[in-house]
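Close look at the chain arrangement
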Amino acid sequence: MLDGVLQPLIANATSSIVILSLTLLLAYLCYALFSHPLSHIPGPLHRRLSSIPLLVSNYRGTESSQAASLHAKYGPIVLLGPNDVHINDGGAIAPIYVEKGGFRKAPYYHSTDIDGLQTIFSTTDPEYRAVRAKAVAPIFATSKIQSDGARILHDCADDFVAALKKAKNGVHEIDLIDLARRYSLDAMSGYVFGKRYGAFTDYTGTETLSATPYVNFIQAFTRFFLVPNWILGYLLAFLGSVYPNQEFETSTEKVTSYVQSLVDEAKQGGGKDTFQKRLLDVGISEAETMVQCEDAIFAGTDAPGTTLGLLVWNLVKQPEYIRGLRHELTDGPMGNMSLLRATVQEGNRTSLANPVRLPRIVPPQGWTYTPSAGGKKSYHVPAGTAVGISAYSLHLNETTFPSPHEFNPRRWVENGQSIATREMNRDLFAFGAGSRQCIAQNLAMEEMFVVIRRLAESEVLTGAQVVCEEVRLGEWFNTRLRDGCNLKIRWTV
Ligand code: HEM
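Quick caveat: nothing in here was measured; it's all calculated off a predicted structure.

For the rest of this paragraph, the subject is the overall build of the chain. Counting its regular elements, the chain contains 19 helices and 14 strands. For the chain, the C-alpha radius of gyration of 25 Å lies close to 23 Å, the compact-globule estimate for 493 residues. Relative to its 493 residues, the chain shows a buried fraction of 44%. Within the chain, contacts between residues at least 6 apart in sequence are counted, and of these 74% link residues at least 24 apart.

Quick look at the UniProt feature "binding site: heme" (unreviewed entry) in the chain now. Residues annotated by UniProt as "binding site: heme" (unreviewed entry) correspond here to Cys438. With respect to the helices and strands, Cys438 occurs in the loop between helix H18 (422–427) and helix H19 (441–458). Under the C-beta neighbour-count criterion, Cys438 is labelled partly exposed, with 18 such atoms within 10 Å. Setting aside residues no more than four positions away along its own chain, Cys438 makes contact with Phe431, Gly432 and Ala444.

Bringing the packing of helix H10 (residues 212–221) against helix H14 (residues 286–317) into the picture now. The contact between H10 and H14 brings their axes to 10 Å, and the two run at 85 degrees. When the axis of H10 is compared with that of H14, the two are roughly perpendicular. Taken together, the residues of H14 that come into contact with H10 (itself represented by Val215, Ile218 and Gln219) are Phe298, Thr301 and Asp302.

Turning next to the nonpolar core. Across soluble globular proteins, nonpolar side chains show a tendency to be buried alongside one another. If you look at the biggest cluster of nonpolar residues, it comprises 123 residues, and the most contacted ones within it are Leu176 and Val451. The leading source of residues in this core is H14, at 15 residues. Sequence-distant contacts of Val451, that is, excluding residues within four places in its chain, are made with Ala157, Phe160, Tyr183 and Leu308.

Right, let's talk about the sheet that holds strand S4 (residues 173–175) for a bit. Strand order in the open sheet formed by three strands is S4-S14-S11, and the pairing between neighbours is antiparallel. Strands at the two margins of the open sheet, each flanked by one partner only, are S4 and strand S11 (464–466). Strand-to-strand twist across the sheet, computed as the mean angle between neighbouring axes with direction ignored, equals 25 degrees. The sheet contact formed by S4 and strand S14 (residues 488–491) spans three bridges and is antiparallel.

Inspection of the region around the ligand gives 25 residues, with Ala299, Gly300, Gly432, Cys438 and Ala440 positioned closest. Sorting the residues of the shell around the ligand by element identifies helix H6 (126–136), helix H9 (176–193), H14 and H19 as the ones contributing at least two each. Of the residues forming the shell around the ligand, the biggest block, six residues, is contributed by H14. Of the residues that constitute the shell around the ligand, the class distribution is 18 nonpolar, five polar and two charged.

For Val356, the position within the fold is in the loop between helix H16 (339–351) and strand S5 (360–361). Take Val356: there are 26 C-beta atoms within 10 Å of it, and that puts it in the buried class. Separated by 334 residues in the primary sequence, Val356 and Leu22 have C-alpha atoms spaced 37 Å apart. Not counting residues within four places of it along the chain, the set of residues in contact with Val356 comprises Glu63, Ser64, Ser390, Tyr392, Glu475, Trp476 and Phe477.

Before going further, it helps to spend a moment on the UniProt feature "transmembrane region" (unreviewed entry) in the chain. The feature "transmembrane region" (unreviewed entry), as given by UniProt, occupies residues 12–34 in the numbering adopted here. Across residues 12–34, helical content stands at 100% and strand content at 0%; the span's end C-alpha atoms are separated by 32 Å.

Further remarks concern the sheet that holds S5. With mixed pairing, five strands are arranged side by side in an open sheet as S1-S2-S8-S5-S3. Here the strands that pair on one side only, and so sit at the sheet edges, are strand S1 (77–81) and strand S3 (104–105). Two strands pair when backbone bridges link them, and S5 and strand S8 (residues 386–388) are joined in this way by two bridges, in the antiparallel orientation. Within S8, the residue paired with Ile361 across the bridge is Ala386. Strand contacts of helix H4 (residues 63–74): S1 and strand S2 (84–87), with the helix running at about 135 degrees to S1, the strand carrying the most contacts.

The next thing to look at is the pairing of S2. The alternating pattern of S2 places Asp84 and His86 and Val85 and Ile87 on opposite faces, both of which are buried. As defined by bridge partners, S1 adjoins S2 across four bridges and the pair is classed as antiparallel. Each residue of the ladder has a partner; that of Ile77, found in S2, is Ile87. Linking S1 to S2, which pair antiparallel, is a turn of two residues. Of the pairings in the sheet, the one linking S2 to S8 comprises three bridges and is parallel in character. Residue pairing in the sheet places His86 in a bridge with Gly388 of S8.

Calculation notes
The residue numbers shown here count from 1 along each chain, following its written sequence. Under the rules for a predicted model, residues below a pLDDT of 70 receive no local features and side-chain atom pairs below 80 are neither given nor counted, while totals for whole chains, interfaces and linings still include all residues. Helix and strand definitions follow DSSP, with helices as H or I runs of at least four residues and strands as E runs of at least two, each counted in order from the N terminus. Note that the radius of gyration is over C-alpha atoms, with the globule rule given as 2.2 Å times the number of residues to the power 0.38. As a rule, residues whose C-beta atom has 12 or fewer other C-beta atoms within 10 Å are exposed, those with 20 or more are buried, and those in between are partly exposed; C-beta atoms are placed from the backbone. By definition, residue pairs are in contact when their C-beta atoms, positioned from the backbone, come within 7 Å. UniProt positions are given in the numbering used here, feature names are shortened, and annotations may be inferred rather than shown by experiment. Only the stretch in contact is used when a helix axis is fitted, and all axes are lines through C-alpha atoms; the angle between N-to-C directions ranges over 0 to 180 degrees. Oblique is the label for every angle not falling under 35 degrees (roughly parallel), over 145 degrees (roughly antiparallel), or within 65 to 115 degrees (roughly perpendicular). In this description, a nonpolar core means buried residues of the types Ala, Val, Leu, Ile, Met, Phe, Trp, Tyr and Cys, linked to one another by C-beta atoms lying within 7 Å. Note on pairing: two strands pair once DSSP finds at least 2 bridges between them. Here is the check we use: build the C-beta atom from the backbone, and if it is within 6 Å of the molecule or strand, call the residue near. For this classification, the nonpolar set comprises Ala, Val, Leu, Ile, Met, Phe, Trp, Tyr, Cys and Pro, the charged set comprises Asp, Glu, Lys and Arg, and every other residue, Gly included, is treated as polar.

Okay, here's the thing in structure tokens:
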């Protein structure tokens, strides 16, 4: 009898819940399609409804290629998520990143805070950044790098070439990513911190750089770039307890004790004019100075290592460029663009060390985007939207860079003269743009000029061949070779 009373009630409740859910879903669909402030921005329905597709592509390292497919279908502005917009148009670099200081970095960057502290890279607050960046900026002036840094960079380049020679005459094989990371870390630390990390000390040519597990760990977390920092904190604690990683622990201890030695020396008045001393001198705490140095170790090893590693790998694949560089060093044409500069430019373009969207927040007054390719249509992008451009879209745009996957320094230079179009110069986005572009761009460029020049002089790459003919890159904030690819080279005996 109770059943007779309850059953209709349960049936009624169930159908009410179903009807309510369907009504809510319909209301949400109508809102997303017609009333949402971004409903006029082109994009597929599933991207309008949820951030999950964006988070998944970020995790899987497919964010930029998926954005490229969306652009092919919908045009220069597309929706990546309910509050996320991607633009494929170099003409939008200036308003987003440059004019009036550019839009603020999106809060996503806080996922890269270290130990709860903001770094020069991760902070979204211009005032917080200004104190730190102003203190260290003089170190990164080209004139200072070329005078005070010349000796260190040349010594590191000698070590780079010596390691290649040793491999050529010994085990006949070497991993270019590992070697390029060693060079980048020692060149950066020797110049910026006043004391080389010691990446070439006791290096036999086969083992992995001791800082690598530390660097790889941070790189791996760029899969979660769009996830809030506090969630990452829990994730880290959980993963640390379930999968203790001895290699990472040992590597981090080594990096930390090196950084501690830098900060200790600076506190006692040593390390004049270094990154750490300059930060301490403007009142930054010891704990934060350590974190800023640790962040610079990651930034100064990972992206430059990938860029240089891929650049040398491309030169091994196309030895005519090494011969061209050698010719230029002896009696090359003088002009406004050397083949050396063009080679480094092309390395920056093709390596896609930071391939993804660099997200910024549209300011309170909103922003109107007008595609630079023309057309009458403009798009109002409301305040608070996360908007950005990616190196992937710009560098692989075949209108600006014909045959974009081809490594071709000659697209930049002819007879010592630049033949780059306005769009090519505008759209080279390897270091970002505007007030938040890479603080160490000049250093990174000088590092590459010095080592590529030294490499061309040496002839050590003669007879070398790549082990993997093709490599595939994952599109995380900091790229990484996909599993199964490597940048090893081999000399046949
Ligand atoms: C080929 C080498 C390098 C590449 C491709 C590269 C790339 C980048 C990019 C794309 C940004 C801008 C990120 C954004 O706007 O969201 C950036 C910022 C930054 N990079 Fe680099 N970087 C390189 C070398 C270095 C080195 C050697 C250091 C070490 C000192 C460094 C330290 C930084 C810092 C501190 C920032 C944050 C600047 C700011 O927000 O004010 N980078 N880098």
